[in-house]
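One-letter residues, chain by chain:
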Amino acid sequence: MIDIKDIKKNFGGVDALRGVSTKVSDGSIFGLIGSNGSGKSTLLRIMCGVFKPDSGSVVYDGEPVYENYGKKQSIVYLSDEQYFLPHSTLSDMRAFYRSTYDTFDDGLYMKMTEMFGLDRERKINTFSKGMQKQSSLLLGLSVRPKYLLCDETFDGIDPVMRQLVRRMIAESVAESGLTAIISTHNLRELEDMTDHICLLHRGEIMIDRELDDMKLTIHKVQAVFELDPTEALSRLDVVSHETHGRLHTIVCRGGEDEITETLSSASPIYCEVIPLTLEEIFISEMEGIGYDAKKIIE
Amino acid sequence: MTQKKSLSERRPHLVTGRYMLGKAKRGWSVAMLIFIVFMLFFTILSMMYISSLGARDYYMSHEDILERVLNYAVSLRATFVALSCLSAIFAGCYFFAPMHNKTSAVFFHSLPERRSGHFISVIFSSAVSYILGAVTNFVLVLLVFAANGRLYAEVVWPLLSALLLGVFYFIVFLSFTMLAGSVSGTTAIHAIMTLFLLFFIPAMYISVLMLLRHGVRYLDVGSMMGSLEAYNCMSPVFRAISVTGGPSFSRTPLWLLVIIDIFVAAGAFALAFFAYKKRPVERTGTPIIYAPLSEAVKYIIIGPSAVLMSEIFREFFDAREAWSIIGFLVGLLLSFMLCNTVLNRSAKAMFSHRRGMLIYSASACVAALIFATGMFGIFDYSVPVSGRITINFGDSASTIFTEKDDVKNVRQAIKDYISVLRNDEETPIGTIIEDDNFGTRMTSLSVSYDTPFGIPLRYRFYSVNYKYIEPIIDVILDSDTLYAEDNLDFSYSQNINMKLSASSSMFMNDKTETTVPKEKLRDVLIEAEVNEEASKPIYSSLLKELLTPNSKDFYQRQAIGYLTTQTSKYGEYNEYYDYSQFPLCFEDLRKILEFADANTNSMSYVDPDILSRFIYYDSLPGRRALSSLTYDEYIKSIAKCVRSIKVYNVKTGEVKKFESQADIEKILPSLASLNGRNISPLTKTEADYSVIVEYNIFDYRTFTNDGFDADKYPDDSENDPSVEYYVADDIVVAPDSCQTWFLRGDVPDIVK
């Protein structure tokens, strides 16, 4: 469990984080979303003990992380800008990680290099950007950390490899109870992956909820009505309403039963509750708190 | 798959060994580079030199070879220490570099390693590289010595000391490099900051001295600027030079310098560690991590830069004050713009922090003005209460005071004196003697002492009225230091009574008959003749013996003679008897002259700097004969050469002229000198009278700057006594009169 309490960080007069508090459950995948400059990287770097917060604390299982050698043994941070030792090969980096982390798993390393098809003896600086991302990720996962902090890790990886990476993270979560914190500015990267969503905007948390909770409180309905549905819609908390001919697409807050019952008063010929995309959920949530979500997330 | 147990509980230490070793291993290229540099400048050169000695076994003695090897071994120390210092800076910068790159800094700080681990690993890796590169070469040099059969027992310690000093100063310089690295954000700035830390205090010191040089003219800035002692207090670079150079380089004990550097290095490491622990990783990439420090560095740099520019302008524009002020302002502005650009990594920031700059400029100008003019007398009152004070009278005499009471008295006298100088418009500071000062006995004085911080300070007062320094003279004469000090330094006292010199000094009491055995005098001469060691100053027991019986009275007497003995390695020597003094101890002088006649060719020499009112007694008729006369006979002989004596009453302006032989004979014994110069600063004179002695000798001698040229005489038509002196074709002709003074309390009645 990671307990983040009231983190504040200022860079040269600019507030990067303004009192961020959240909790990350063990064995979960925590999605950290926000536009560029929202404070995601800063929060992750504070979470892995690189930056010291101006105030507040980050506690892993009751232990602060900053300058905590023991706790950092269980944390791997994958930065958005990968660093490899000068002129090193994957084998060199493996040796480095082995000497640094007590839990480095050679077997997993070998397995993943095979899966990714990376040449272990080739200098990493000759790899493509995507291959370097893969290298960074496979080295991080080979450590078998308890906490994996990924900053824009999926950027630059092709869709096939992206699926592979997602699968490997998911497997690690399932097998070894990995807790992954994945930051991105692209909602689609987290689709069908995260358990928890945290939206950062200008150094503050806008939304911090379990994805399942969010899905229970907002629904998308497609319906064709015999009667004018205006009166029925007025009784619902409508987030968005579009019509294509007689087909109404309505996103509104509330329980599924409550919504269908209210709409039934307008004598629907056809009415179906369909799943929302993560993006739609976010847009609706953001609009609910008075923000134009399209300006905040991609 | 094996998952090891977390070692967090088992590892409370500062750094993990694996991490440290890994970093050291990755620095093999640094070790290699250090190895190559040492190989080129240390090992190969040693190999060449030592092997070149091989052929000399046939024609050089073992002692000569040993001396050469020994000298070479000592010289290796400087090379080894210098290369070690450079290695420390290079290795420190190299291993610190990952912490100056944003990506790598984030990576390394995200690893399970404490900041102490990163810090110590840089030190460790640097040390390992140095050991592999430098110490290996040292071992190779030992092998070179041994293989050539030159590893004598005497050579081992000089070589070993080179190693010890090299390692020591590697650590000292590494501490500075670490401190610079901890506060700087890029590798380039790291290197610059290291040099800044090593040199900024000396740079500020020099810039202050440069300002003082033009304003506070009685402060001897030149000697302070060139004093290694001063720089020893400011930077390990100079301490390394002093310690490596050995005792001849520094007055400060070498062990003290080493201890200072131990503390300095420990302090630098501690400060560096503290700075690194607090170092915000997010500031990586900015030139200086700590913003306030950045501003401080900027303002420290622009001060000396402004002074330097001021000096450049002064040089280019004929030392005009206005141009130097413009140069100062230009220097301020340019360095400010440059610093802003570098420290902000943007030319757009060239004029940022203008308000700070304006405040700084105003403060710098005020400070510069204060320093340049010595306003508020800030340097006048820094004479220490206790410590060590040396007083020099021009190039004539000096003495060193160490007793607290003496120093206190001297200090008070100097302060009073400075106060008089400041308030008395008639006695300008730093002016040259001019004819307007006729009637005034002028002299020069300098006072040196070590400040509480060990920085030597020296006041030099040029051409000041002698009467103002009489209180200081009194203090000197009353002090036991003058008579008791073993290292009493009169090596330049050619003015005081008798001087026997073989680049050395000795004084004879005027009552020679009873206090100075002739044999002793002769012994000194003979010693000078046969042994070059006699050229060392003869201070100790002989000097004491000569000085003690008559104490102060000795200094009140006239000079009695002057003889210089020069020896050279080939046994040739020249001796010069200077008749310009008033000889009193005729008997001894005769002996000396006899000795000189028997052994040397006479040689005349004049000091080209002293031309005014100068008479050569070489031109006195029968000069050699004078030495065999009695005192009364001698006075009569001199009196015959004098046309008239004018006595000028300084207070009333009254002038009395004496032309009769009888009057002249009465006046001559009361004069402090017969040629105007060469009056001991310790000889008190009557300030109320000035005496002009006019000689009736028309045998003008000519001389050039190279010395006396006996073949060149001016035409008789030029022998006009009313003419001060002639200048033709680089030949200066001396006048035939001189100014002198009466001995204190010895004004003849006929004058009053």
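Here the structure is a predicted model, which means the values were calculated and not measured.

Residues and elements named next belong to chain A. Overall, mixed pairing links the 6 strands, which are arranged β6-β7-β8-β3-β9-β10 in an open sheet. Because the sheet does not close on itself, it has two edges, and the strands there are β6 (75-78) and β10 (204-210). Ignoring strand direction, the axes of neighbouring strands in this sheet form an average angle of 15°. In the sheet, strand β3 (residues 29-33) pairs with strand β8 (residues 179-184) via 5 bridges, with the strands oriented parallel. Of the residues in β8, the one forming a bridge with Leu-32 is Ser-183.

Residue-level pLDDT values for chain A average 87, and 96% of them are 70 or greater. Element-level pLDDT for chain A is lowest in helix α11 (residues 293-296) of chain A, with a mean of 59, against a maximum mean of 94 in β6(A).

Let's shift gears to the packing of helix α3 (residues 62-96) of chain B against helix α5 (residues 115-147) of chain B. All names here are of chain B. Between α3 and α5, the shortest axis-to-axis distance is 9 Å and the interhelical angle comes to 135°. Relative to α5, α3 is oriented oblique. For the pair α3 and α5, the crossing hand works out as right-handed. Residues Leu-83, Ser-84, Ser-87, Ala-88, Ala-91, Gly-92, Phe-95 and Phe-96 of α3 pack against Val-122, Ser-125, Ser-126, Ser-129, Tyr-130, Gly-133 and Ala-134 of α5. For the contact of α3 with α5, the residue count by class is 8 nonpolar, 7 polar and no charged.

In this section: the interface of chain A and chain B. In this assembly, 28 residues from chain A lie in contact with 25 residues from chain B. Considering each element in turn, the side of chain A that touches chain B owes the most residues, 4 residues, to helix α2 (residues 69-72) of chain A. Within the side of chain A that touches chain B, the residues separate by chemical class into 11 nonpolar, 9 polar and 8 charged.

Residue and element names in this part refer to chain A. Pairing is antiparallel across the open sheet formed by 4 strands, whose spatial order is β12-β13-β11-β14. Every other strand in the sheet has two partners, leaving β12 (237-244) and β14 (268-274) as the edge strands with one partner each. The sheet shows a mean angle of 20° between the axes of neighbouring strands, direction not considered. Both β12 and strand β13 (residues 247-253) contribute to a ladder of 7 bridges, which runs antiparallel. Bridge pairing in β13 links Ser-240 to Val-251. Helix α9 (residues 256-264) contacts β11 (218-225), β13 and β14 of the sheet and is inclined by roughly 165° relative to β14.

What counts as what
- Residues numbered from 1 in each chain as written.
- Chains lettered and ligands numbered in written order.
- Predicted model: local features only at pLDDT ≥ 70, side-chain atom pairs only at ≥ 80, totals over all residues.
- Pairing = 2+ DSSP bridges.
- Helix = DSSP H or I, 4+ residues; strand = E, 2+ residues; numbered from the N terminus.
- Axes fitted to C-alpha atoms, helices over the stretch in contact; angles between N-to-C directions.
- pLDDT = per-residue confidence, 0-100.
- Parallel < 35°, antiparallel > 145°, perpendicular 65-115°, else oblique.
- Left-handed = near helix turned anticlockwise from the far one by under 90°.
- Contact = placed C-beta atoms within 7 Å.
- Nonpolar A, V, L, I, M, F, W, Y, C, P; charged D, E, K, R; others polar.

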